[in-house]
Amino acid sequence: MDTTESFEDVGHSTDAREMMADYYLGELSEEDKKHTKDKGPKTWAYDNSNQSSWKSWLVPVGLACLASIIYRMYALPQSS
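Here the structure is a predicted model, which is why all the values come from computation and not from measurement. (Residues numbered from 1 in each chain as written. Predicted model: local features only at pLDDT ≥ 70, side-chain atom pairs only at ≥ 80, totals over all residues. Heavy atoms only, no water.)

### Some points on the overall build of the protein chain
Point 1. For the protein chain, the helix and strand inventory stands at four helices and zero strands.
Point 2. Across the 80 residues that make up the protein chain, the buried fraction comes to 2%. (Helix = DSSP H or I, 4+ residues; strand = E, 2+ residues; numbered from the N terminus. Buried < 20%, exposed > 50% of the residue type's maximum accessible area, 1.4 Å probe, protein only.)

This is how it looks when you write it as structure tokens:
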């Protein structure tokens, strides 16, 4: 895979450019470049995102509520 564009987009330092010489493998032929398609951004979610979408916000909200309750019970001064 040709990663030149990705390397340039990140804005690597001169040290990284010097290190690139150690990892440089070679040039891709034009024939190999033509058959690659950008499939868009990679996702970390499962394919059935509708089923797991509620879990992605419910767990953090639940933990935040629990932390809030514990904080109020032990850290805040008790009023008489």
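### Let's talk about the confidence of the model for the protein chain
Point 1. Per-residue pLDDT for the protein chain has a mean of 77; in total, 71% of the residues score no lower than 70.
Point 2. Within the protein chain, helix α3 (residues 30–34) has the poorest average pLDDT of any element, 70, and helix α2 (residues 14–23) the best, 85. (pLDDT = per-residue confidence, 0-100.)

### Some details on the UniProt feature "transmembrane region" (unreviewed entry) in the protein chain
Point 1. The feature "transmembrane region" (unreviewed entry), as annotated in UniProt, sits at residues 57–74 in this numbering.
Point 2. Helix makes up 100% of residues 57–74 and strand 0%, with an end-to-end C-alpha separation of 26 Å. (UniProt positions renumbered as here; feature names shortened; annotations may be inferred.)

### Some points on a nonpolar patch on the surface
Point 1. Together, Val59, Leu63, Leu66, Ile69, Ile70, Met73 and Tyr74 make up an exposed nonpolar region whose accessible area comes to about 740 Å².
Point 2. As for its position among the elements, Ile69 is in helix α4 (residues 49–74).
Point 3. A residue is classified by how much of its surface remains accessible, and Ile69, at 47% relative accessible area, is partly exposed. (Patch = residues over 30% accessible without salt bridge, like charges linked within 9 Å, V, L, I, M, F, W, Y side chains within 5 Å. Areas by Shrake-Rupley, 256 points an atom, 1.4 Å probe, with all protein chains shown as cover. Salt bridge = Lys/Arg side-chain N within 4 Å of Asp/Glu carboxyl O.)

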